Amino acid sequence: MRGGEAKFPSMPIRYGFPMLFMGVILFIFEVYMLKFSTDALLLSPAAMGTIMSISRLWDAASDPLVGFLSDATRAPFGRRRSWMLGSALPIWGAILAVFSPPQLDKDYLALWMLPAVIAYYTATTAFTVPHLGFGSELTQEVGYHQRSVVFGWRNGLSGLGNILGVGALFAMMAQEPAGPQAVRAAAASVALVAGGLVAAAIAAMVFSISENVDCHANAPRTDIYINPVRIVLTVCRHALVRQMTLLWGLAEGSRAVFGTIAPYALQYTLGLPAPLVPLIILMYVLANTATLPLWLAASKRYGKVDTWRAALLCNALCFVPLMFALHPGFIALPLNMVRLPFAVGFASFVGGCAGATTTLANSLMGDVIDADAASGGEAHHGLFFAWWAFVSKSVGGAITVLTGVTLEVAGFVPNVEQSLASRTTIGLLLTVLPLVGLSTAAACMNGFELSEAYTREVQAALAAKLAGELL
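A brief look at the structure comes next. (Residues numbered from 1 in each chain as written. Predicted model: local features only at pLDDT ≥ 70, side-chain atom pairs only at ≥ 80, totals over all residues. Heavy atoms only, no water.)

1. Comments concerning the environment of threonine 400
Here comes step 1: Looking at where threonine 400 falls in the secondary structure, it is placed in helix H15 (residues 381-410).
Here comes step 2: A residue is classified by how much of its surface remains accessible, and threonine 400, at 8% relative accessible area, is buried.
Here comes step 3: Distance in space between the C-alpha atoms of threonine 400 and alanine 256 is 8.1 Å, their sequence separation being 144 residues.
Here comes step 4: What threonine 400 contacts, discounting residues up to four positions off in sequence, is Leu34, Met52 and Thr260. (Helix = DSSP H or I, 4+ residues; strand = E, 2+ residues; numbered from the N terminus. Buried < 20%, exposed > 50% of the residue type's maximum accessible area, 1.4 Å probe, protein only. Contact = heavy atoms within 4.5 Å.)

2. Things to note about a nonpolar patch on the surface
Here comes step 1: On the surface, Leu104, Tyr108, Leu111 and Trp112 cluster together into a nonpolar patch covering about 440 Å² of accessible area.
Here comes step 2: With respect to the element layout, tryptophan 112 can be found in helix H5 (residues 106-138).
Here comes step 3: Residue class for tryptophan 112 comes out partly exposed when judged on its relative accessible area of 35%. (Patch = residues over 30% accessible without salt bridge, like charges linked within 9 Å, V, L, I, M, F, W, Y side chains within 5 Å. Areas by Shrake-Rupley, 256 points an atom, 1.4 Å probe, with all protein chains shown as cover. Salt bridge = Lys/Arg side-chain N within 4 Å of Asp/Glu carboxyl O.)

3. A closer look at the pattern of salt bridges
Here comes step 1: For the structure on display, the rule yields 11 salt bridges.
Here comes step 2: Aspartate 367 serves as the salt-bridge partner of arginine 147, at 2.9 Å between the closest nitrogen and oxygen. Of the two residues, arginine 147 is situated in helix H6 (residues 144-173) and aspartate 367 in helix H14 (residues 335-376); the sequence distance between them amounts to 220 residues. For the residue pair arginine 147 and aspartate 367, the accessibility class agrees, reading buried in each case.
Here comes step 3: Taking relative accessible area as the criterion, aspartate 367 reaches 3% and is therefore assigned buried.
Here comes step 4: Counted as one network, the salt bridges with shared partners bring together Asp71, Arg79, Arg80 and Glu137.

4. Quick notes on empty space enclosed by the protein
Here comes step 1: According to the stated counting rule, one finds 3 cavities of 30 Å³ or more in the structure shown.
Here comes step 2: Size it by volume and the second largest cavity reaches roughly 60 Å³.
Here comes step 3: Around the second largest cavity, the lining residues are Thr269, Ala325, Leu326, His327, Pro328, Ile331, Leu420, Arg423 and Thr424.
Here comes step 4: If one sorts the elements of the lining of the second largest cavity by residue count, helix H16 (residues 420-444) sits on top with 3 residues.
Here comes step 5: Classifying every residue of the lining of the second largest cavity by side-chain character gives 5 nonpolar, 3 polar and 1 charged. (1 Å grid on protein atoms, 1.4 Å probe; cavity = no way out; pocket = protein on both sides within 12 Å on 5 of 7 lines; lining within 4 Å. Points joined across faces, edges and corners; volume = space filled by probe spheres on them. Nonpolar A, V, L, I, M, F, W, Y, C, P; charged D, E, K, R; others polar.)

5. Focus: unusual backbone geometry
Here comes step 1: Here the phi dihedral of leucine 42 falls at roughly 65°; this positive angle occurs in a residue that is not glycine.
Here comes step 2: Along the polypeptide, leucine 42 turns up in the loop between helix H2 (18-39) and helix H3 (45-72).

6. Let's talk about the packing of helix H4 (residues 79-99) against H5
Here comes step 1: Interaxial distance between H4 and H5 falls to 8 Å at its minimum, and their mutual angle equals 150°. As the angle between them shows, H4 and H5 are arranged roughly antiparallel. As for the relative orientation of H4 and H5, their crossing is left-handed in sense.
Here comes step 2: Taken together, the residues of the contact of H4 with H5 sort by class into 19 nonpolar, 4 polar and 4 charged. (Axes fitted to C-alpha atoms, helices over the stretch in contact; angles between N-to-C directions. Parallel < 35°, antiparallel > 145°, perpendicular 65-115°, else oblique. Left-handed = near helix turned anticlockwise from the far one by under 90°.)

7. Quick word on the packing of aromatic side chains
Here comes step 1: Enumeration over the complete set of coordinates arrives at 20 aromatic pairs.
Here comes step 2: Where phenylalanine 17 meets phenylalanine 21, the ring centres are 5.7 Å apart and the plane angle is 85°; that geometry is what we call edge-to-face.
Here comes step 3: Taking 6.1 Å as the distance between ring centres and 45° as the angle between the ring planes, the aromatic pair formed by phenylalanine 258 and phenylalanine 346 counts as tilted. Of this pair, phenylalanine 258 sits in helix H10 (residues 239-269) while phenylalanine 346 is found in helix H14, placing the two residues 88 residues apart along the sequence.
Here comes step 4: According to the relative accessible area criterion, phenylalanine 258 is buried, its value standing at 7%.
Here comes step 5: Judged by relative accessible area, phenylalanine 346 falls into the buried class, the value being 9%.
Here comes step 6: In textbook terms, an aromatic cluster arises when at least three aromatic residues are bridged by ring pairs, as seen for Tyr15, Phe134, Phe151, Phe384, Phe385 and Trp388.
Here comes step 7: The ring of phenylalanine 77 has arginine 81 sitting right over it, with the charged end atom 4.1 Å from the ring centre. (Phe/Tyr/Trp six-rings, centres within 6.5 Å; stacked < 30°, edge-to-face > 60°. Lys NZ or Arg CZ within 6 Å of the ring centre and 35° of its normal.)

Printed below as a string of structure tokens:
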């Protein structure tokens, strides 16, 4: 690996370091942005649903575009590092625009939020897509399980960032009794600090790790980027890519349901006081991060595919007990004896089972890209990670739009006790969608052939091809 620094243990830590603070930003945006917009900015759920749908349309173009361009970039500083460094300050500015908007009337505030959300998606995409491609390229030659370790560090540090994000969430939600202006002031402070730390961490990472120039030698031809038909054919040509796309979409859709609807369900369906909601989310994040070593150990013993399948099935079963909380009498049960322990247990089990998904999925994505490169002759790390990022954000956006429209239809009114129809609607969204999505994903993994032996054959073929090109 000429120029790459895939050496353990320092490289995985340096590679994943920006995710410690990106985790804060990604967490508060995913979990709290919709609630912040309805409860603090006083925008209607339908208005925010419209803003999210328009933003996702732009995201549909920006994710593949960043992947294509980062693949095609030729710069002395490196094609991935140039993009990541260039994203640092825009991420800081975008998160400030979203969580620290000016004092405007509702109509003008909605007009402000639309470009702010678009800017957020664009800036974070300019970092996350090249970062995932960067990690895949750095680990192309380090082994089947070592790739999982590298992405495990990335997602573990992101999980720690999520824990810090829970603290930020608590700081914002604790101000809700004081009114919308107090929440806005707290959100502005969180965005200012978190965005600055992200920018500094990205700069530290890109200056400490060089790129794997062997992957540059197998870079795709630039003519693919001006031919939409070839782009579609490239993404869809390999059965493993198509299967991974389906699995990732189902898994990410279920995760988006929890992230978007859980704050509403915990407060309005289970009847928890608003200050307790961040603590329950913390249980999810702690379990998600703490179980990473267990899932990595299981994948080393049983294989990535079988371990991920088992995790998806267990994750689906976690949502079954939530059906009991939909009974109208559940909200009248004692808080400390019943509802709070139930919420803690539910969030912990869901988070623990979800811990396997991102790490093992990212690692398997790298294996899928290698398999595609071995069969097609070109390495499309940026293209495919951009495609899967697009899938993730598209299903997440669909869930957000669905949530906003459904809450509006169900008669949701922020900051007051909800009607039975509204509480039931929130609970059903959080129960049925993940249960169906995760169960389907587990069933679809049958026949997903990506064993260690197969991956070693792929890596040997790639090494032989590179050696032939260098002669």
